[in-house]
Amino acid sequence: MTATGTGTSQRVVTTRSARANAHIGRHAQTIAIAVVLVALLIFFAFSADRFATTGNLLNLLRQIAPTLIVATAMTFVISTAGIDLSVGSTVALSGSLLAIVLQHGWSPTVALIAILALGALIGFVNGWFSSYQNIPPFIVTLAMLSIMRGTALRATEGYSTPISGDLWIVQIGQGRIAGVPVPAILAVVVALVGWLVLTRTPFGRYVIGLGSNGESLRRTGVNTRKVGLTVYMLTGVAAAVAGVLIATRLSSGSSNAGSGFELEVITAVVLGGTSLFGGRASMLGTILGALTLGVIANGLVLLHVSPFYVQIVQGAILLLAIFANSKVWAKFGAIRK
Amino acid sequence: MTDQEPGRVDRVVMRDIRKRYGMVDALRGVTLRVGPGEVVGLVGDNAAGKSTLMKVLAGAVVPDSGEIVFDGRPVAFANPKDARELGIEMVYQDLALCDDIDVAGNLFLGREPRKAGGLMLDVRKMHADARRHLDALNIRIPLTDIPVGGLSGGQRQAVAIARAVTFGPKLLILDEPTAALAVAEVETVLELIKTVSAQGVSVILITHRLQDLFRVCDRLCVMYEGTLRADLDARNTSLERLVSEIVAHDEGEKEGSRR
């Protein structure tokens, strides 16, 4: 028993350090991105005159609203070790179809419900192939990216379709409540609900479990396929909401909307510390990641840097974030596969 | 096995179980019984059919023929859930824990305590219950809020067994629970098996570590090429006898050992 005794005390020590390591490892990237965000805010506040004004910051929130909403849903998908590349095309299709059906005289309420249902359907197709048929989600959603973009182009013939400013639905993109843009409010609510669901509900727990060890979760009796399907329906609906936001903000539905949007969303999620290999997620990190991307885009424009650089910067950030995620922070975590 | 003494119903009796995979006869009519609170060691060479037999019992594999009697009633399992509902839990060889989820989360995975009408996790109750269950099983894991990926192999195995035990199973199947463990950790798991069986849970232990069997088992069942070759009393069987049964050396002893 003496051998067991010393073994136990050693184990207590290693367990305590494991706890510290695990907690640092889990939150290292979230802390890092928070530091980067604060640094960027200070930098732009001093270098760009109009950056630190209430008007600009509210505008910034409105700009990142679609990204944040879809990134919240994408955090769930990536936590299951999946990916959804079709969100940008879904944004284009839902925005275009919204404008077209409104032009055909549909009531805005019916049109809105129909568009959200369409998003859910697209998510269902993604989820059915990925989760029930075990086809790599990368391929499934890449194919859907092409199909949805093509459908949007076919439906609009490449033209933008105007949305009348008289309809109440444009308030979703353009309205303000107590001076705060509606999209910003919507995005904050979605992110908060997303955080609650991910960390405090059985579903959120199963999403993490699915990404961590799906077979283990299945053996405990959880319907893992249904969980896998649901996360894609979340991104589908979120992308449809983003499409509605963008189309109503611009009063126009365009088949070219949301190109490169999936990259921006995935960057925000990965930047926040959610692991592309699944099992590790941070909704707070996603929010900070989306804010960081928004601040960079907004700040660079205010500094009169060519907007073309924004894409270059975003791509570089994605690469750096994945590098940090898998190589640097993993040293703290010590539990990565 | 109808010759059981009155008042003592076998926990489980598997009778003439057969399973064929294409050309391979995995199980060729196996009969196995386990009493309440009994620890049965199931041994045999690779491909002897141990794991298949246990998967049948856990509901993961549906046999071609044969019957299973559980607590005196004939049962049939279509999936693992059916078996689990009757109180048959299996701890798989590859642990089946989620490394990123904490100890309490893994203990309750799929059966989390809930609040707010089942919508939310009751995290506080989960940690309190986890602590209680771990203490009751003498499992020394001081913290229930660290991811299991940070634990030692023995602790992880203990968590996996504790998960199976937590929901009051009547029969616990352990597939190679000590295969990947250090010596001191094996002790932890063997002690755990004794604790569990003392609480009345029947245990079937599959292992290649023959010395472990004599520490915890009441009976030793040897499988050979899809049949149950021998059913031995662990107290008066030598290691040599067991090994010769496993490798099927001595055909002469076969008759005497059959039950």
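Residues numbered from 1 in each chain as written. Chains lettered and ligands numbered in written order. Predicted model: local features only at pLDDT ≥ 70, side-chain atom pairs only at ≥ 80, totals over all residues. Heavy atoms only, no water.

A. View of the overall build of chain B. Scanning chain B from terminus to terminus reveals nine helices and twelve strands. For chain B, whose C-alpha radius of gyration is 19 Å, the value lies close to the compact-globule estimate of 18 Å for 259 residues. Once the C-alpha set of chain B is aligned to its principal axes, its extents read approximately 60 × 40 × 40 Å. Burial analysis of chain B (259 residues in total) assigns 54% to the buried set. Carbon together with sulfur atoms contributes 50% to the accessible area of chain B, which is approximately 10900 Å² in total. The averaged location of the 38 negative side-chain charges in chain B is 4 Å from the averaged location of its 34 positive side-chain charges. (Helix = DSSP H or I, 4+ residues; strand = E, 2+ residues; numbered from the N terminus. Rg over C-alpha atoms; globule rule 2.2 N^0.38 Å. Buried < 20%, exposed > 50% of the residue type's maximum accessible area, 1.4 Å probe, protein only. Areas by Shrake-Rupley, 256 points an atom, 1.4 Å probe, with all protein chains shown as cover. Lys, Arg positive; Asp, Glu negative; His and termini not counted. Charge placed at Lys NZ, Arg CZ, Asp CG, Glu CD.)

B. The arrangement of unusual backbone geometry in detail. All names here are of chain A. Phi is positive for Ser251, close to 55 degrees, though the residue is something other than glycine. Structurally, Ser251 is set in the loop between α9 (224-250) and β4 (252-253). Residue Ser251 is classed as partly exposed on the basis of its relative accessible area of 22%. Positive phi outside glycine occurs at His304, with the angle close to 65 degrees.

C. Quick look at the environment of Leu68(A). Residues and elements named next belong to chain A. As for its position among the elements, Leu68 is in helix α2 (residues 54-79). Relative accessible area serves as the criterion here: at 6%, Leu68 is assigned to the buried category. Along the chain, Leu68 and Val269 lie 201 residues apart, while their C-alpha atoms are 9.2 Å from each other. Residues within four places of Leu68 in sequence aside, it is in contact with Ala187, Ala191, Thr286, Ile287 and Ala290. (Contact = heavy atoms within 4.5 Å.)

D. Spotlight on the environment of Leu93(A). Residue and element names in this part refer to chain A. Position of Leu93 among the secondary structure elements: in helix α3 (residues 87-103). Residue Leu93 is classed as buried on the basis of its relative accessible area, which comes to 3%. Separated by 151 residues in the primary sequence, Leu93 and Val244 have C-alpha atoms spaced 9.8 Å apart. Sequence-distant contacts of Leu93, that is, excluding residues within four places in its chain, are made with Leu118, Ile122, Met148, Thr151 and Ala152.

E. Examining the pairing of strand β3 (residues 39-44) of chain B more closely. Residue and element names in this part refer to chain B. Counting buried positions along β3 gives six out of six residues, so the element sits mostly inside the fold. Side-chain alternation along β3 places Val39, Gly41 and Val43 on one buried face and Val40, Leu42 and Gly44 on a second face that is also buried. Across four bridges, the pairing between β3 and strand β10 (residues 202-206) is parallel. Counterpart to Val39 in the pairing with β10 is Val203. As paired elements, β3 and strand β11 (residues 219-224) share five bridges and run parallel to each other. By the bridge assignment, Val40 is partnered in β11 with Arg219. (Pairing = 2+ DSSP bridges.)

F. The sheet that holds strand β4 (residues 65-70) of chain B, seen in detail. All names here are of chain B. Strand order in the open sheet formed by four strands is β2-β1-β4-β5, and the pairing between neighbours is antiparallel. The sheet is open, and its two borders are formed by β2 (24-34) and β5 (73-75), each paired with just one other strand. Going across the sheet, the axis of each strand differs from the next one's by a mean of 25 degrees, ignoring polarity. Where strand β1 (residues 12-21) lies against β4, five bridges are found, and the strand directions are antiparallel. Each residue of the ladder has a partner; that of Met14, found in β4, is Ile68. (Axes fitted to C-alpha atoms, helices over the stretch in contact; angles between N-to-C directions.)

G. How the structure looks around the side chain of Thr75(A). Residue and element names in this part refer to chain A. Among the structural elements, Thr75 can be located in helix α2. Judged by its relative accessible area of 0%, Thr75 falls in the buried class. A polar side-chain atom of Thr75 sits 2.7 Å from the main-chain carbonyl oxygen of Ala71. Excluding anything up to four places from it in sequence, Thr75 contacts Leu198, Val269, Thr274, Ala281, Ser282, Met283 and Thr286. (Polar contact = N/O pair within 3.5 Å; in protein donor to acceptor, adjacent residues only side chain to side chain.)

H. Molecular detail of the side chain of Lys19(B). The residue Lys19(B) is located in strand β1 in this model. Filtering out sequence-adjacent residues up to four positions away, Lys19(B) remains in contact with Val24(B), Asp25(B), Ala26(B), Leu27(B), Thr52(B), Val61(B), Val62(B), Pro63(B) and Asp64(B).

I. Summary view of the sheet that holds strand β9 (residues 171-175) of chain B. All names here are of chain B. Reading across from one edge, β6-β9-β10-β3-β11-β12 is the order of the six strands in this open sheet, with mixed pairing throughout. Taken across any chain shown, the strands that pair with only one partner, and hence form the sheet edges, are β6 (88-91) and β12 (227-233). Each strand of the sheet is rotated relative to its neighbour by a mean of 20 degrees, with strand direction disregarded. In terms of strand pairing, β6 meets β9 through four bridges, oriented parallel. Counted as the bridge partner of Met90 is Ile173 from β9. On the sheet, helix α6 (residues 183-198) packs against β3, β9 and β10 and is oriented at approximately 150 degrees with respect to β10.

J. Summary view of the environment of Val189(A). All names here are of chain A. Within the secondary structure, Val189 sits in helix α7 (residues 182-200). Under the relative-accessibility criterion, Val189 is labelled partly exposed at 46%. Along the chain, Val189 and Ile69 lie 120 residues apart, while their C-alpha atoms are 9.1 Å from each other.

K. Just the pattern of salt bridges, in detail. All names here are of chain B. Applying the stated rule across the entire model yields 23 salt bridges over all chains. A salt bridge links Arg215 to Glu187; the shortest N-O distance between them is 3.0 Å. With Arg215 in helix α7 (residues 210-216) and Glu187 in helix α6, this pair connects stretches of sequence that are 28 residues apart. The exposure class assigned to Arg215 is partly exposed, which follows from its relative accessible area of 36%. With a relative accessible area of 29%, Glu187 lands in the partly exposed category. It is possible to trace a salt-bridge network through shared partners that takes in Arg11, Asp71 and Lys170. (Salt bridge = Lys/Arg side-chain N within 4 Å of Asp/Glu carboxyl O.)

L. Seen up close, the packing of α3(A) against helix α4 (residues 108-132) of chain A. All names here are of chain A. In the contact formed by α3 and α4, the axes pass within 10 Å of each other and the chain directions differ by 155 degrees. Between α3 and α4, the crossing angle belongs to the class labelled roughly antiparallel. Here the hand of the crossing between α3 and α4 comes out right-handed. Judged by residue contacts, Thr90, Leu93, Ser94, Leu97, Leu98, Val101 and Leu102 of α3 engage Pro108, Ala111, Leu112, Ile115, Leu118 and Ile122 from α4. Within the contact of α3 with α4, the residues separate by chemical class into eleven nonpolar, two polar and no charged. (Parallel < 35°, antiparallel > 145°, perpendicular 65-115°, else oblique. Left-handed = near helix turned anticlockwise from the far one by under 90°. Nonpolar A, V, L, I, M, F, W, Y, C, P; charged D, E, K, R; others polar.)

M. The arrangement of the pairing of β11(B) in detail. All names here are of chain B. With five of six residues buried, β11 lies mostly within the body of the structure. Where β11 and β12 come together, six bridges link them in antiparallel fashion. Among the inter-strand pairings, Arg219 is bridged to a residue of β12, identified as Asp233. Hairpin geometry of β11 and β12 is characterised by an intervening segment of two residues between the two adjacent antiparallel strands and by a positive phi of about 45 degrees at Glu225.

Limitation: the analysis is restricted to geometry and does not speak to function.
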